[in-house]
Amino acid sequence: MTEETMSDYPKIETLYERDEATFKVRPGVFKNRTYTLLKTWHWTEKIDGTNIRCLWNAAEGKVTFGGRTDNAQIHAELIKHLYETVSIEKLKATFPEVDVVLYGEGYGAGIQKGGGDYSLTKQFILFDVLVYGKWWLSGDNVCDVAEKLALPVVPSFGEMTLEEATEFVRHGCPSKLNGGKRQSEGLVGRTAETLFDKKGHRLIVKLKTKDF
């Protein structure tokens, strides 16, 4: 895997369809009926920042950083933080023969409006791990990787049904970062084990308070 083949992070779909006039979501009108087949989902905080990819090439012992797409620009202070934080030594110990992409959010002052309420300095927080370009790790395994690499992981809001998560996000809640100085942007829902619909799309959804 090379820098030129870095995988863009797939777009996370909003759970519901939108009203064409207001552009607000229409609770109960699902974008994908497959979502309704699962009783509960695991929900983590959606951080309002910039998507970051950390590409580990095990054969070369090299880590490369990128944004959500190959054309995305990353702030110089955040790049410096990534080089200081994502340890090549720990990557070698954790993935000695395996190529992986660590997906996370860059956040803090200067990144998105109100980023300073998350942190006065630019930070990186892990939320997904892709192995060999095709296997998404479960939430528990992502947390295990984060612990081994000494990286923070997005805060968990536990198990909820789609309806419970909808009501939770609709009314808003404080972020679990930095003592809740700002409201969370919303939640991201994942299945306990990675599942895909009939089109091969991974089952992962988002809910944002501003969409209600």
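Structure shown above.
These remarks concern the structure in this document. Bear in mind the structure is a predicted one, so any value in this text is a computation, not a measurement. (Residues numbered from 1 in each chain as written. Predicted model: local features only at pLDDT ≥ 70, side-chain atom pairs only at ≥ 80, totals over all residues. Heavy atoms only, no water.)

1. A word on the packing of aromatic side chains
Item 1. Within this structure, the stated rule accounts for 11 aromatic pairs.
Item 2. An angle of 75° between the planes, with centres 5.9 Å apart, marks the rings of Tyr 35 and Trp 41 as edge-to-face.
Item 3. Classification of Trp 41 as buried rests on a relative accessible area of 0%.
Item 4. Here Tyr 132 and Trp 135 contribute two aromatic rings whose centre-to-centre distance is 5.9 Å and whose plane-to-plane angle is 75°, an arrangement assigned as edge-to-face.
Item 5. Taking relative accessible area as the criterion, Trp 135 reaches 49% and is therefore assigned partly exposed.
Item 6. Linked through ring pairs, Tyr 9, Tyr 103, Phe 127 and Trp 136 together constitute an aromatic cluster.
Item 7. Across from the ring centre of Phe 23, 4.5 Å away, lies the NZ or CZ of Arg 18, which sits over that ring. (Phe/Tyr/Trp six-rings, centres within 6.5 Å; stacked < 30°, edge-to-face > 60°. Buried < 20%, exposed > 50% of the residue type's maximum accessible area, 1.4 Å probe, protein only. Lys NZ or Arg CZ within 6 Å of the ring centre and 35° of its normal.)

2. Quick word on the pairing of strand E6 (residues 62–66)
Item 1. Burial runs high along E6: four of the five residues are buried.
Item 2. Sheet topology places strand E5 (residues 50–57) next to E6; five bridges connect them, and they run antiparallel. If you follow Leu 55 over to E6, its bridge partner there is Thr 64.
Item 3. Joining the antiparallel neighbours E5 and E6 is a turn of four residues, in which Gly 61 adopts a positive phi near 60°. (Helix = DSSP H or I, 4+ residues; strand = E, 2+ residues; numbered from the N terminus. Pairing = 2+ DSSP bridges.)

3. Considerations on unusual backbone geometry
Item 1. Phi at Phe 23 is positive, roughly 65°, even though this residue is not glycine.
Item 2. Checked against the element boundaries, Phe 23 lands in the loop between strand E2 (16–18) and strand E3 (25–30).
Item 3. One non-glycine residue, Asn 178, lies in positive phi territory at about 55°.
Item 4. If you trace the backbone, Asn 178 turns up in the loop between helix H4 (162–170) and strand E11 (186–190).

4. A look at the sheet that holds strand E7 (residues 100–107)
Item 1. Pairing within the open sheet is antiparallel, and its five strands lie in the order E6-E5-E7-E8-E9. Both edges of this open sheet fall to E6 and strand E9 (135–136), since each of them pairs with a single strand only.
Item 2. Inspection of the sheet shows strand E8 (residues 123–131) paired to E9 by two bridges, in the antiparallel sense. The residue bridging Val 131 from the neighbouring strand is Trp 135, located in E9.
Item 3. Sheet strands in contact with helix H3 (residues 139–149) are E7 and E8, and its direction is about 125° off that of E8. (Contact = heavy atoms within 4.5 Å. Axes fitted to C-alpha atoms, helices over the stretch in contact; angles between N-to-C directions.)

5. Brief notes about the sheet that holds strand E10 (residues 156–160)
Neighbouring strands of a sheet are bound in pairs by backbone hydrogen bonds; such pairs are parallel or else antiparallel.
Item 1. Taken together, the five strands give an open sheet; going across it, the order is E1-E12-E11-E4-E10, and neighbouring strands pair in mixed fashion. The open sheet has two edge strands, strand E1 (13–14) and E10, and neither has a second partner.
Item 2. Of the strands in this sheet, strand E4 (41–46), E10, E11 and strand E12 (204–208) touch H4, which is tilted by about 140° from E10.

6. Concerning the pattern of salt bridges
For side chains of opposite charge, pairing can occur when their charged atoms come near one another.
Item 1. Summed over the entire model, instances satisfying the criterion amount to 12 salt bridges.
Item 2. The partner of Arg 18 in a salt bridge is Asp 211, with the nearest N and O atoms 3.1 Å apart. Placement of Arg 18 in strand E2 and of Asp 211 in the segment after E12 is noted, with a sequence separation of 193 residues between them.
Item 3. A relative accessible area of 21% places Arg 18 in the partly exposed class.
Item 4. Where Lys 148 meets Asp 144, a salt bridge forms, and the shortest distance between an N and an O atom there is 3.2 Å. Residue Lys 148 and its partner Asp 144 are located together in helix H3, separated by four residues, close to a single helical turn.
Item 5. Several salt bridges share partner residues, and in doing so they unite Lys 46, Glu 185 and Lys 208 into one network. (Salt bridge = Lys/Arg side-chain N within 4 Å of Asp/Glu carboxyl O.)

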